Amino acid sequence: MRAWRVVRSDRLLFASAVSALLLFAAITVGPPILSAALGHASDTPLPYATDPITRTPVGPLAHVYNTTREYTDDSGFIRTPPPKGTPRTWLLAGADGTLGRDELLRLLEGGRTSLEVAIGGTVVAMLIGVLLGTLGGFRGGFVDAAISRVTEFVMAFPLLLLVIAIGSQSSNRLDYITLGFLPRGVFSLILLIGAFTWFYPARIIRTQVAELRHREFIEAAVMVGAKDSRILRTHVLPHVLPTALVYTTLLIPVNVLLEAGITFLGVGIKLPTPSWGNLLSTVWGSVLNPVTTSSTLRFQVWLTILPSLMIFITVFTFNQLGEGLREAFDAETRS
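Since the structure is predicted, the reported quantities are computational estimates derived from the model, not experimental observations.

Caption draft 1: Structural context of the overall build of the chain. Secondary structure assignment for the chain yields twelve helices and two strands. Scanning the chain from its N terminus toward the C terminus, one meets helices and strands in the order α-α-α-β-β-α-α-α-α-α-α-α-α-α. The buried share of the chain, reckoned over its 335 residues, is 44%. Long-range contacts, defined as pairs at least 24 residues apart, comprise 71% of the intrachain contacts of the chain with a sequence gap of at least 6. Just so you have it, the chain exposes about 17300 Å², and 66% of that area is on carbon and sulfur atoms.

Caption draft 2: The packing of aromatic side chains, seen in detail. Within this structure, the stated rule accounts for four aromatic pairs. Between Tyr-48 and Tyr-65, the ring centres sit 5.5 Å apart and the planes meet at 75°, which makes this aromatic pair edge-to-face. Taken together, the positions of Tyr-48 in the loop between helix H3 (30-38) and strand E1 (62-65) and Tyr-65 in strand E1 put the pair 17 residues apart, joining distant regions of the chain. One residue, Arg-88, lies across the ring of Tyr-65, its end atom 4.1 Å from the ring centre.

Caption draft 3: Geometry of unusual backbone geometry. In the Ramachandran plot, Arg-55 falls in the positive-phi region, its phi being about 60° despite a non-glycine side chain. Mapped onto the elements, Arg-55 comes out in the loop between H3 and E1. At Leu-61, a residue that is not glycine, the phi angle is positive and equals roughly 60°. Here Leu-61 shows up in the loop between H3 and E1.

Caption draft 4: Inspection of the packing of helix H9 (residues 216-223) against helix H10 (residues 228-264) at higher detail. As a packed pair, H9 and H10 sit with axes 11 Å apart at the nearest point and diverge in direction by 175°. Relative to H10, the element H9 is oriented roughly antiparallel. In this structure, H9 contributes Phe-217, Ile-218, Ala-221 and Val-222 to the contact, and H10 contributes Ile-231, His-235, Val-236 and His-239. When the residues that make up the contact of H9 with H10 are grouped by side-chain class, the tally is six nonpolar, two polar and no charged.

Caption draft 5: A look at the nonpolar core. Counting 21 residues, the largest nonpolar core has Met-126, Trp-198, Ile-205, Val-209, Ile-231, Val-236 and Val-240 as the members making the most contacts within it. Sorting the residues of this core by element identifies helix H4 (103-139), helix H8 (199-212), H9 and H10 as the ones contributing at least two each. The biggest single contributor to this core is H10, with six residues. When near neighbours in sequence (up to four residues on either side) are disregarded, Val-236 contacts Thr-134, Phe-138, Val-209, Leu-212, Ile-218 and Ile-231. By size, the runner-up hydrophobic cluster in this structure holds 20 residues, among which are Leu-13, Leu-115, Ile-252 and Trp-276.

Caption draft 6: Just H8, in detail. Helix length check: H8, at 14 residues, gives a terminal C-alpha distance of 20 Å against a target of 20 Å (1.5 Å per residue), a fit within 8%. Of all the residues in H8, the buried ones are Phe-199, Pro-201, Ala-202, Ile-205, Val-209, Ala-210 and Leu-212. For H8, the angular spread of buried residues about the axis comes to 155°, placing them on one side. Lining the buried residues of H8 we find H4, helix H5 (141-155), H9 and H10.

Caption draft 7: Spatial organisation of the packing of H5 against H8. Two numbers describe how H5 lies on H8: the axes approach to 10 Å, and their chain directions differ by 150°. By the angle class used here, H5 and H8 are roughly antiparallel. Taken as a pair, H5 and H8 cross one another with a handedness that is left-handed. Between H5, through Asp-144, Thr-151, Glu-152, Val-154 and Met-155, and H8, the contact on the second element is made entirely by Phe-199, Tyr-200, Arg-203 and Arg-206. For the contact of H5 with H8, the class distribution of residues is four nonpolar, one polar and four charged.

Analysis parameters
- Residue positions are counted from 1 within each chain, in the order its sequence is given.
- In keeping with the predicted nature of the model, local features appear solely for residues at pLDDT of at least 70, side-chain atom pairs appear and are counted solely at 80 or more, and the whole-chain, interface and lining totals rest on all residues.
- Note: side-chain values were computed over all heavy atoms of the structure, leaving out hydrogens and water.
- Segments assigned H or I by DSSP are reported as helices when at least four residues long, segments assigned E as strands when at least two residues long, and all are numbered from the N terminus.
- The buried label goes to any residue with under 20% of its type's maximum accessible area, the exposed label to any with over 50%, and the partly exposed label to all in between, with areas taken from a 1.4 Å probe on protein chains only.
- Note on contacts: a residue pair is in contact if any heavy atoms of the two residues lie within 4.5 Å.
- Only the protein chains shown count as covering a residue, and every accessible area follows the Shrake-Rupley method with a 1.4 Å probe.
- Two rings from Phe, Tyr or Trp (for Trp, the six-membered ring) form a pair when their centres sit within 6.5 Å of each other. Planes less than 30 degrees apart are called stacked, planes more than 60 degrees apart edge-to-face, and all others tilted.
- Remark: a charge is flagged as sitting over a ring if the NZ atom of Lys or the CZ atom of Arg is within 6 Å of the ring centre and within 35 degrees of the ring normal.
- The axes used here are C-alpha line fits, helices contributing only the stretch in contact, and every angle between their N-to-C directions lies in the interval 0 to 180 degrees.
- What sets the label is the angle itself: under 35 degrees gives roughly parallel, over 145 gives roughly antiparallel, 65 to 115 gives roughly perpendicular, and the rest give oblique.
- Gly is put with the polar residues, along with every residue not named as nonpolar or charged; the nonpolar set is Ala, Val, Leu, Ile, Met, Phe, Trp, Tyr, Cys and Pro, and the charged set is Asp, Glu, Lys and Arg.
- The criterion is simple. A nonpolar core is a set of buried Ala, Val, Leu, Ile, Met, Phe, Trp, Tyr and Cys residues joined through side-chain atoms within 4.5 Å.
- One less than the residue count of a helix, multiplied by 1.5 Å, gives the span that helix is expected to have.
- Note that the arc is defined by the directions from the helix axis to the C-beta atoms.
- In this scheme the crossing of two helices becomes right-handed for a clockwise turn of the near helix relative to the far one and left-handed for an anticlockwise turn of less than a right angle.

Have a look at this one:
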């Protein structure tokens, strides 16, 4: 297939696809493998990974005692080494804060949480957007006008502030819905992000379907008495699915940034569940829970650089993947 040849010939697209696969592998199978190899979990507090006085976390490649107990002298104030034979463990990316948890494990598990929100919100948004866009573009008339007004009404709201406001009001009720496999708070963010990011795909799909509606093969199908459901299934959807797929890959990085922004502001994923947003808010604080300027965490640059770098890599990877898929589908269409 020509599209596959385009993928193989485009080095940036191929690299983006491989990077996306490696990213998914790292956040899904990476944490359990690393946890088993290192001998501790992402939420295991390691007191000896922090300074005994300032509680400043150790930096990358630290070799610390693998124990959750902190030993002190008879006064109870001065830390002493643990008993002989206490095993040690590596903190490859340092510790995350005053509790001394493994930053690398929390970074990987935080990526899984952030991508669960981003992908889930994208799926919800695309389902709503494709449904309403197809319905408006195919039906036209009053239906199209009504859907267009609803779309413009939703677009008129400041998205970030609206999601923050709704999230702060509904989090107590929706955060406990996990569907048996999601961390707390993920489902509520998926619904909120999906409910207010569907308008862009809806407008794109509506425009494409409205243009397809007047093509000769659609009019011929109508003339021979084909049902609307058959026309949509056999003639319309095959043409809009490539566009929907491309926009899906472009909407995922937008939602990654949106989740990080909402959580960074203190409304999204709550601790102890890690996400890239609350890894940053742990260092810099949030609007609802500010961190003092004297906090020692602000001077531990890796706690800011690593989550920011993962967000950048994810956004760049999916943007390049979406652009490459668009070019591949265009090449397939021209062939």
